[in-house]
Structure formats: structure tokens, C-alpha cells
Amino acid sequence: MVEVTNVTEYQAIAKEKLPKMAYDYYASGAEDQWTLAENRNAFSRILFRPRILIDVSKIDMTTTILGFKISMPIMIAPTAFQKMAHPEGEYATARAASSAGTIMTLSSWATSSVEEVASTGPGIRFFQLYVYKDRNVVAQLVRRAERAGFKAIALTVDTPRLGRREADIKNRFVLPPFLTLKNFEGLDLGSMDKAEDSGLASYVAGQIDRTLSWKDVKWLQTITSLPILVKGVLTAEDTRIAIQNGASGIIVSNHGARQLDYVPSTIMALEEVVKAAQGRVPVFLDGGVRRGTDVFKALALGASGIFIGRPVVFSLAAEGEAGVRKVLQMLKDEFELTMALSGCRSLSEITRNHIVTEWDAPKPLIAPRL
């Protein structure tokens, strides 16, 4: 096997290894998949303004997220059904994140429970929450996550209904029979029925609460003391409302381009959200990050850190825990090199002046001294 030298190469390996239904579920986006491509393409329209002749013999990539010190601003986004990619699933991902010294976010729809993931050993973990129609289920789940030592709730707010993912409709997607939504197993909500379209779309229509609104963000704070990150914000307006409603952080996300197609890429929406947040809460980004250069660009635009989703499931499918470790290591190494070549020795030295975007006003030319 040819050595994997970058994150993107894992996708082709995963496609070879996985059943079509599983690969398509992980890989596809909503409808025309315009935003899916744009999440990647938009990064290529941001260029560097590197500063030279700075002593970059020591580079510090460490950062603090909600008070927790991590090795780098690269974290793991919540992705569902990881045992569909590899038998060890979320266990492998949790161990890889822990050994890399970073944060893993566990999906509500994991194929391993919060308790099982906690049993893999120490680590800083966040829990992604979908709000079910039955609020007792939600309260119970949040309590279990707290008890299992999870440190924050990432509340997904862009999914009152599931986006139209046509590959899943064609494949009649359903969770393989040997897997369950482990967090819901004892609640009779752990299985997904075959449907005329996507089994997941039918499950969401039946179980997830379409009435979800800002009052529920308030309600969540009455049942947990954990900080709440609002995941799925793309506008300045919603950023301000989220902060007014007690959010501890914002995740700029378009759900991996799987919900509403033709929303902007997250890297293009980022600056608007950062400006609206005015430094009151940290802003994070997920969607389309495949290179250390992408991480740098997000931080230069004001993000406090980024989350990766598909690279985790693709590398997990290819090489299990070792694959996820390698993805985190490759991104870390590339990011360190980008910092060095840009003249930045710590995250605080990465500024908006280190990049140039199409929407920047042209820099005034300095008149030459004659």
C-alpha cells in the first residue's frame, strides 16, 4: 500500500473498503451538493501574507478551550454511526483524540454510549445533542453525559428536519442490523426502521423536535451546568441571539453541507459571526478542513479552533484508531509548518493580516521614497 501523505487520501481508501450504503452516507451532502464542494473550494480563495525573518525555532500550538488546555486548535466533530466505518468505532476515535491531547465530540447518534466512550480512559470530551420530542429523554441523556465526565454540550440547531441527501434516498439508507444508536438503546429509540426513502430521515421526522427554539436553549441551561455550544450558526443575527440566550460558544457549521444546500461555506460565513460575537464567546468552525493551511486560515479569520468530521470516519474506515491518530498528526504537523512559514510562533501571533481574501479592500500602495 502506498503511504498516506495527506488527509484527503483517506477518502478513496474508505470508498474502496466500505459498503456503498455506508460510504455514501458519510460522503454525501444535500441535494446538488454545491455547498459540499464550496466548503473545500472556499479555502483556496484565501491566500497568505507570510512574514519573514522571524525566529520560528519554537512553535507553540497549545490553546485553551472553555478552560481546558489542549495540544492544538484541531478537535473532533461529532459524526454518527462510527461502528459502520470500523468495528471499534467511537472507542477508537476517543483513544486517538486522547493520545493527541485534543477534544472529541461524541454524537447523540453514536454506535457507542457515553458510558462506553468514557470507559476508554481520560480525555476531554464534549457531547453533541439532538433535542427529541420527549424532553425526558433529553434530560436523561444530558445527565448521563455529565455523569460520564463530558465537559460541554454541543447543541445542534440546524436540523429541525433532516436535509435531503439523495444518495441515502437511493440506497434506502438504514443502520446495519448489528448496530444500534447506543445512547437510546434502553429507551426503545435505538433502532431505525426501513423506509420508502432514507431510514434516517424517517427517524428524524418521528423523533426530533421541529418546535425547537431559543426558549429550549434557556431550558437546557436549567437542567445542566455544562457550557452550551450552539452548533449550526451561519449569521451575525443568530450569533447575537445565541449570546443573549446564554451560549458559551458558537460553532459555525453547515452540518458538513448535509442540511440546506446553497448556504455559504463555513470559512466564508466565519468572519461575519466572529465580528458579531465581539469576543464575548469563542467561535469555532467545522466543514471542509483538510489541511493545516485551512486551520491557519480559520484562526486568522478569528476562529478559536476547528473541528474535523469526515476525515475521522474515512481514516477510521481505512486504518481504525491508527488512521484517526495519523489524521490528527498530519494536520498538526502541517499547521505547525504553516505557522513557521508565516512567521507565527504561537496562536496569538496569527492575525487577520496574515491572510488576504477577495473581499479585502486593496492595501494602499506605499509611495516609494525617491
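Structure first, text after, so check above.
What you see as residue numbers is a count from 1 along each chain, following the sequence as written. Totals for whole chains, interfaces and linings use all residues, but because this is a predicted model, local features are given only for residues with pLDDT of at least 70 and pairs of side-chain atoms are given and counted only at 80 or more. To get the side-chain values, take all heavy atoms of the structure and skip hydrogens and water.

Enquirer: Teacher, can you tell me more about the pattern of salt bridges here?
Expert: Opposite charge on two side chains allows them to pair when their charged atoms are near. In what follows, salt bridge is the name for a side-chain nitrogen of Lys or Arg lying within 4 Å of a carboxyl oxygen of Asp or Glu. With the rule as written, the count across this model stands at 19 salt bridges. Of the charged contacts, one joins Arg 45 and Glu 38 as a salt bridge, the two residues approaching to 2.4 Å between their closest N and O atoms. A salt bridge links Arg 144 to Glu 115; the shortest N-O distance between them is 2.9 Å. Linking Arg 144 in helix 6 (residues 135-147) with Glu 115 in helix 5 (residues 114-118), this pair joins segments that are 29 residues apart in sequence. Residue Glu 115 is classed as partly exposed on the basis of its relative accessible area, which comes to 35%. Through salt bridges with shared partners, one network takes in Glu 88, Arg 95, Glu 321 and Arg 325. Here a helix means four or more residues in a row that DSSP labels H or I, a strand means two or more in a row labelled E, and each is numbered from the N terminus. Exposure classes here rest on a 1.4 Å probe applied to the protein chains alone. A residue is buried below 20% of its type maximum, exposed above 50%, and partly exposed in between.

Enquirer: Just to check I follow, could you spell out the environment of Arg 290 for this structure?
Expert: With respect to the secondary-structure elements, Arg 290 resides in the loop between strand 10 (283-286) and helix 12 (292-300). Considered as a pair, Arg 290 and Arg 40 are 250 residues apart in the sequence and their alpha carbons are 8.1 Å apart. What Arg 290 contacts, discounting residues up to four positions off in sequence, is Val 7, Thr 8, Arg 40, Arg 310, Pro 311, Leu 331 and Glu 334. The criterion used for residue contact is that any of the two residues' heavy atoms lie within 4.5 Å.

Enquirer: Honestly, the pairing of strand 9 (residues 249-252) in this entry has me stumped. Any pointers?
Expert: Every other side chain in a regular strand lies on the same face of the sheet, so the side chains alternate between the two faces. Across the two faces of strand 9 the burial is the same, with Gly 249 and Ile 251 and Ile 250 and Val 252 all buried. Classification remark: right-handed applies to a crossover when, strands pointing away from the viewer, the course from the first strand over the helix to the second runs clockwise. Handedness of the crossover joining strand 8 (residues 228-233) and strand 9 through helix 10 (residues 236-244): right-handed. By the bridge criterion, three bridges tie strand 9 to strand 10 in an arrangement that is parallel. Counterpart to Val 252 in the pairing with strand 10 is Leu 285. For the handedness criterion, the β-α-β arrangement of strand 9, helix 11 (residues 266-277) and strand 10 is classed as right-handed. The criterion for strand pairing is that DSSP finds at least two bridges linking the strands in question.

Enquirer: Hey, could you run me through the packing of helix 10 against helix 11 in this one?
Expert: Two quantities define a packed helix pair, namely the angle between the axes and the distance from one axis to the other. For every element, the axis is a line fit to its C-alpha atoms; helices are fit only across the contacting stretch, and the angle between N-to-C directions ranges from 0 to 180 degrees. Helix 11 packs onto helix 10 with a crossing angle of 40° between their chain directions and a minimal axis gap of 8 Å. Crossing hand, helix 10 versus helix 11: right-handed. Note on element contacts: helix 11 touches helix 10 through Glu 272, Val 273, Ala 276 and Ala 277, opposite Ala 236, Glu 237, Thr 239, Arg 240 and Ile 243. Each crossing is labelled by how the near helix is turned from the far one, with a counterclockwise turn of less than a right angle marking it left-handed and a clockwise turn marking it right-handed.

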